[in-house]
Every structure is written in C-alpha cells, then in structure tokens.
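What the coordinates show
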Protein chains: 2
Amino acid sequence: MVKALVFLAPGFEEIETCTIIDILRRCGVEVTVAGLVSNQVIGSHELAVIPDQSIEEIRIDDFNAIVCPGGYPGYENLRKDERVVSLVKEAFYQGKLVAAICGAPVVLSEAGVLNGKVCTIYPGMEDEVKKGGGIPKKDIVVVDGNVITSRGPATAFAFSLKLAEKLVRKETVDRVAKATLADIALK
Amino acid sequence: MVKALVFLAPGFEEIETCTIIDILRRCGVEVTVAGLVSNQVIGSHELAVIPDQSIEEIRIDDFNAIVCPGGYPGYENLRKDERVVSLVKEAFYQGKLVAAICGAPVVLSEAGVLNGKVCTIYPGMEDEVKKGGGIPKKDIVVVDGNVITSRGPATAFAFSLKLAEKLVRKETVDRVAKATLADIALK
C-alpha cells in the first residue's frame, strides 16, 4: 500500500491539513498523521486534532511521501523542529515525494531540498524559498521532480489531487475529484 | 460577537467541517464545535477531532447560526439525532441562519425547514430534499431566506464564505477570501 506522512504541528492550517488527509485517504493512500507534540494538537484556528502517531515513532523508510501543511505558527514550528527537517532531507535523498503548501515550503528550503527547484509558496514569501535556491513561480501547484509545492488554503484541494496523482492511478484520482465535486467548484 | 454552532457527528466530512470552522473563525465569528458523542469524534476519513462542547450543553439562544456538515455516516447521524433536529427547527423558527452541505440538507428536510425553499444537496440526493418540500437546484451554494445549502467537499469554501457574508461585514469576508487565495483557486 502507498503510504504518506503528514506532519501535525501546533498552529497547523486546518483546511490545508484536513484536505490533504481526506483526499489522500479517499484515493486509497495510507496516511499517518504525525504529531510534533504528544496528545492533541491545536490548529491556527483552534481546532483540536489527535494525531495517529508521535513524530518520535516515525521511520521514513515506511513512507512513499512526506507532506508539510502550512498555517501560522505551524510552518515555523515545522521549520524549527530538527526531527522534521531531518525527515524531509532523508525522504528527498531517498527519492520519495516531498511536498509542502502555504508557508511550509520554508521547511523544504531549510532542509536544502529546493536548490535549483521550481516551486511555489504563499504570496509574499518568495524570498524564503530563494534563500534555499528555489525558483518561485505563481502557479497554484508546482511540480519539479519529486518536489510538489502549493500556495494556501484554497489551493489545498488541487495540491492534494496532484499529490495523489503521483502516488496512485490517475483513474482513482479522477474518481475522487468527481466524487468531491472538484470539477464543478475549482478553477 | 456573532456566534455559530457547528455540529460534529461521527463520520463527519473532514474537508467540509474544517473549512466551515476555519473560514468562520478567520471572519471573526465565534464558532462552537458541538460533539454528538463525548470526547473525540472520528470523521469519515478517520480524522479524530475534539469538539469544544457536548451537544448536551448547547442553548440555541446563544447562537446566530447553526451549521450541519456532511459526510457519511455523519449526515445520517445528524438526521437521526433528535437533539440536532430539534435545535435546527428551533433555530429556523427563531429566524437564525440554518445551513447544511453535502448530504446534510437531509437534516433540514427532516426538521421541516425546507418546505417551499429553494436549496441544494449532494448530486443524486435531490429526492431527499423534495420529501421535505424543498426545491432542489444545481448551484454550488443556494440561499433562500435564512436557509443556506451547498453540495460537497469542494464547494465547502464557497459555502463558508457565503455563510460568513450573512454574519459579518462584506469587507471582512473579502479580506479572508483574498488571504486564503479563494480568488485564485475557486470558480
């Protein structure tokens, strides 16, 4: 089974995080929500979510993809967590899919995996990816090799579907896009 | 302060529920997430969320709006819960905003508040609102008086922004739409 790791940091963006988890699971991806703190994690808009596991228990070998949701201070909490940065680096060099949305491409920048990569980030934060050698674009989802980046809450749906396309059959993703009404609501 | 009640039933749709809560809170609405069961509630895609309160503690007089997210079996759990149906009925007759998305317009139908109302529901479920006298349309969000309905996960963003427009100043909603990138990602 295809497996994805989604980080859950205090201050996570609720729409982004829940959309990634929901869409990937609908596509048949086994998602593990890894909490940076023990027990419940509170989002940037006060939603309390219980992770599946603690980051302490994570072995990157078990996963095909690693995903960093945004939100403030969620993405800062991811960037300053050495365990997260180390897992992102390890995943990237093992050729696994590495993805981030909103402010969270800063985590990829910190991990040194954006060097020379075309990418995107929340509007106005472009300098943050340039620092890591990234080449920022304005598209809502950008794919460069095994790195996928996106821009914010309303782009989380397209981002999650694109992620799924890299992990499972296109027909499965198309079926989920249709069932969730992505075709009638998204640009 | 403007207050909204959002139900959290076992089997809730994660994208819908989190989008409603996130967008309304970003707009300055005080949102209470009311759980139908004690402690954590598990969504239709296994996300575990802790509600703010139990439905047992809810007094409808405290709220300006009441919102039913979809998801399966979430909407069925809402429909068969007499406390939910009774709160929806009470809210409607007090002229409060009553809203539902995806399969959850069945809850409004059950509460008898759709009679003669133009509304919408998840594609293929139109007969369910007709039973309650509702007049189903295909638009992604439909407003008729104090009733707002919508269709599914990808329409949750537009639904939440429309809800917010009925509760707070238009400028606030426009600011949130821009900050969340709704303008660049949604139809």
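Read on for an overview of the structure. (Residues numbered from 1 in each chain as written. Chains lettered and ligands numbered in written order. Predicted model: local features only at pLDDT ≥ 70, side-chain atom pairs only at ≥ 80, totals over all residues. Heavy atoms only, no water.)

The next point concerns the overall build of chain A. What chain A contains, in helices and strands, is 8 helices and 11 strands. Its C-alpha radius of gyration of 15 Å places chain A within 12% of the 16 Å reference for a compact globule of 187 residues. For chain A, the spread of C-alpha atoms along the principal axes amounts to about 40 × 35 × 35 Å. Residues counted as buried form 61% of the 187 residues belonging to chain A. Summarising the internal contacts of chain A: among those between residues at least 6 apart in sequence, 65% fall at separations of at least 24. Here chain A has roughly 7000 Å² of accessible surface; of this, 47% comes from carbon and sulfur atoms. For chain A, the distance from the average site of its 22 positive side-chain charges to the average site of its 25 negative ones is 6 Å. (Helix = DSSP H or I, 4+ residues; strand = E, 2+ residues; numbered from the N terminus. Rg over C-alpha atoms; globule rule 2.2 N^0.38 Å. Buried < 20%, exposed > 50% of the residue type's maximum accessible area, 1.4 Å probe, protein only. Contact = heavy atoms within 4.5 Å. Areas by Shrake-Rupley, 256 points an atom, 1.4 Å probe, with all protein chains shown as cover. Lys, Arg positive; Asp, Glu negative; His and termini not counted. Charge placed at Lys NZ, Arg CZ, Asp CG, Glu CD.)

What follows deals with the pattern of salt bridges. Considering all chains together, one arrives at 30 salt bridges over all chains under this definition. In this structure, Arg151(B) engages Glu126(B) in a salt bridge whose closest nitrogen and oxygen atoms are separated by 3.2 Å. Taken together, the positions of Arg151(B) in the loop between β11 (147-150) and α6 (156-165) and Glu126(B) in helix α5 (residues 126-131) put the pair 25 residues apart, joining distant regions of the chain. Each member of the pair, Arg151(B) as well as Glu126(B), is classed as buried. Through salt bridges that share partners, Glu76(A), Arg79(A), Glu128(A) and Lys131(A) make up one connected network. (Salt bridge = Lys/Arg side-chain N within 4 Å of Asp/Glu carboxyl O.)

Our focus in this paragraph is the pairing of strand β6 (residues 65-68) of chain A. Residues and elements named next belong to chain A. Where burial is concerned, the two faces of β6 agree: the one with Ala65 and Val67 and the one with Ile66 and Cys68 are both buried. Two elements, strand β1 (residues 3-8) and β6, share 3 bridges in a ladder whose sense is parallel. Along β6, the bridge assignment pairs alanine 4 with alanine 65. In terms of strand pairing, β6 meets strand β7 (residues 97-101) through 4 bridges, oriented parallel. By the bridge assignment, alanine 65 is partnered in β7 with leucine 97. (Pairing = 2+ DSSP bridges.)

Attention shifts here to empty space enclosed by the protein. The full count for this structure, using the stated rule, is 1 cavity of 30 Å³ or more. In this structure, the largest cavity occupies an estimated 90 Å³ of space. In terms of lining, the largest cavity is formed by 14 residues, of which the most central are Ile15(A), Phe157(A), Ile15(B), Pro153(B) and Phe157(B). At the level of elements, α1 (14-26) and α6 (156-167) of chain A together with α1 (14-26) and α6 of chain B are the ones that each hand at least two residues to the lining of the largest cavity. Looking at the lining of the largest cavity residue by residue, the class counts come to 12 nonpolar, 2 polar and no charged. (1 Å grid on protein atoms, 1.4 Å probe; cavity = no way out; pocket = protein on both sides within 12 Å on 5 of 7 lines; lining within 4 Å. Points joined across faces, edges and corners; volume = space filled by probe spheres on them. Nonpolar A, V, L, I, M, F, W, Y, C, P; charged D, E, K, R; others polar.)

Counting 82 residues, the largest nonpolar core has Leu24(A), Phe159(A), Leu163(A), Leu24(B), Phe159(B) and Leu163(B) as its most contacted members. Counting residues per element, this core draws most heavily on α6(A), which supplies 7 residues. Contacts of Leu163(B), omitting those with residues within four sequence positions, involve Ile20(B), Leu24(B), Val67(B), Leu97(B), Ala99(B) and Ile148(B). (Core = buried A, V, L, I, M, F, W, Y, C linked by side-chain atoms within 4.5 Å.)

The subject of this paragraph is the interface of chain A and chain B. Listed by partner, the interface residues are 35 residues for chain A and 35 residues for chain B. Of the roughly 3100 Å² buried at the junction of chain A and chain B (both faces included), carbon and sulfur atoms supply 67%. Of all residues in chain A, the largest losses of buried area upon contact with chain B belong to Ile15(A), His45(A) and Lys187(A), amounting jointly to 18% of the total for that side. Counting every contact that joins chain A to chain B gives 2 salt bridges. Arg26(A) is the salt-bridge partner of Glu13(B), the closest N and O atoms lying 2.8 Å from each other. Linking chain A to chain B there are 18 residue pairs in polar contact (both at pLDDT 80 or more). Top contributing element to the side of chain A that touches chain B by residue count: α1(A), with 9 residues. (Buried area = accessible area lost by both parts, 1.4 Å probe. Polar contact = N/O pair within 3.5 Å; in protein donor to acceptor, adjacent residues only side chain to side chain.)

For Gly112(A), the position within the fold is in the loop between α4 (105-110) and β8 (118-119). C-alpha separation for the pair Gly112(A) and Ile184(A), spaced 72 residues apart in sequence, amounts to 38 Å.

Another point: the relation of the copies chain A and chain B. Here chain A sits on chain B after a turn of 180° about the axis and a move of 0.0 Å along it, with an RMSD of 0.0 Å. Both chain copies can therefore be described as sitting about a two-fold axis. Of the residues that chain A buries at the interface, 100% are likewise interface residues in chain B, meaning the two copies contact each other through the same surface. (Least-squares fit on C-alpha atoms with pLDDT ≥ 70 in both.)

Further remarks concern the sheet that holds strand β4 (residues 48-50) of chain A. Adjacent strands of a sheet pair through backbone hydrogen bonds, lying either parallel or antiparallel. As summarised here, the arrangement of the 4 strands in space is β3(A)-β4(A)-β4(B)-β3(B), forming an open sheet in which the pairing is antiparallel. One side of each edge strand has no neighbouring strand; the edge strands of this open sheet are β3 (41-42) of chain A together with β3 (41-42) of chain B. In this sheet, strand β4 (residues 48-50) of chain B lies alongside β4(A) in antiparallel orientation, the contact comprising 3 bridges. By the bridge assignment for β4(B), Val49(A) is matched with Val49(B).

Moving on: the packing of α6(B) against helix α7 (residues 170-179) of chain B. Residues and elements named next belong to chain B. The geometry of α6 relative to α7 is characterised by a closest axis approach of 9 Å and an angle of 155° between their N-to-C directions. What the angle tells us is that α6 and α7 run roughly antiparallel. For α6 against α7, the interelement crossing comes out right-handed. Between α6 and α7, the residues in contact are Leu161, Ala164 and Glu165 and Lys170, Val173 and Ala177, respectively. (Axes fitted to C-alpha atoms, helices over the stretch in contact; angles between N-to-C directions. Parallel < 35°, antiparallel > 145°, perpendicular 65-115°, else oblique. Left-handed = near helix turned anticlockwise from the far one by under 90°.)

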